[in-house]
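# Fold and geometry: a report
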Amino acid sequence: SPRAVDVLQGMKEAARSDRALLELGTRAFVAFVRGYGEHVCSYIFRWAALDAGSVARSFALLKLPRLKELRAGAAASPAAAEAPLLEEEDTRGIAFR
């Protein structure tokens, strides 16, 4: 929906202006991915069905963290093999507020 797009753009702008927000979003995404992959109800939380790119966008990430779970391979999500999961931005210049 247009409102959701506006909210996500606002979240990305906030992450571009404050490194603390960027790092919090990245840590939350990593925790989500690891928790999803290790969940005991694997018949409900199927790794193969997870769209990692959409999940990353929902956390307003500007760049994907390097995670073994996101690498293309036997144990990785099929979505990880699709290019690109996320249009990555250079985050080195983002300062803490």
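See above for the structure.
Figured I'd write up the structure that's included with this text. (Residues numbered from 1 in each chain as written. Predicted model: local features only at pLDDT ≥ 70, side-chain atom pairs only at ≥ 80, totals over all residues. Heavy atoms only, no water.)

Take the packing of aromatic side chains next. All told, the structure shown has three aromatic pairs when counted by the stated rule. Aromatic side chains Phe29 and Phe59 sit 5.9 Å apart centroid to centroid with 70° between the ring planes, which places their arrangement in the edge-to-face category. Of this pair, Phe29 sits in helix 2 (residues 19-38) while Phe59 is found in the segment after helix 3 (52-58), placing the two residues 30 residues apart along the sequence. Aromatic side chains Phe32 and Phe59 sit 6.0 Å apart centroid to centroid with 50° between the ring planes, which places their arrangement in the tilted category. Here the residue Phe32 occupies a position in helix 2, and Phe59 occupies one in the segment after helix 3, the gap between them amounting to 27 residues. Members of the aromatic cluster, connected to one another through ring pairs, are Phe29, Phe32, Tyr36 and Phe59. (Phe/Tyr/Trp six-rings, centres within 6.5 Å; stacked < 30°, edge-to-face > 60°. Helix = DSSP H or I, 4+ residues; strand = E, 2+ residues; numbered from the N terminus.)

A few words on a nonpolar patch on the surface. Taken together, Tyr43, Ile44 and Phe45 make up a surface patch of nonpolar side chains, about 350 Å² in accessible area. By the element assignment, Phe45 lies in the loop between helix 2 and helix 3. (Patch = residues over 30% accessible without salt bridge, like charges linked within 9 Å, V, L, I, M, F, W, Y side chains within 5 Å. Areas by Shrake-Rupley, 256 points an atom, 1.4 Å probe, with all protein chains shown as cover. Salt bridge = Lys/Arg side-chain N within 4 Å of Asp/Glu carboxyl O.)

This paragraph deals with the pattern of salt bridges. According to the stated counting rule, one finds four salt bridges in the structure shown. Arg16 is paired through a salt bridge with Glu13; the nearest N and O atoms lie 2.5 Å apart. With Arg16 and Glu13 both in helix 1 (residues 2-17) and three residues apart, this pair spans about one turn of that helix. Overall, Arg16 belongs to the partly exposed group, its relative accessible area being 30%. Residue Arg92 is joined to Asp90 by a salt bridge in which the shortest nitrogen-to-oxygen separation is 2.9 Å. (Buried < 20%, exposed > 50% of the residue type's maximum accessible area, 1.4 Å probe, protein only.)

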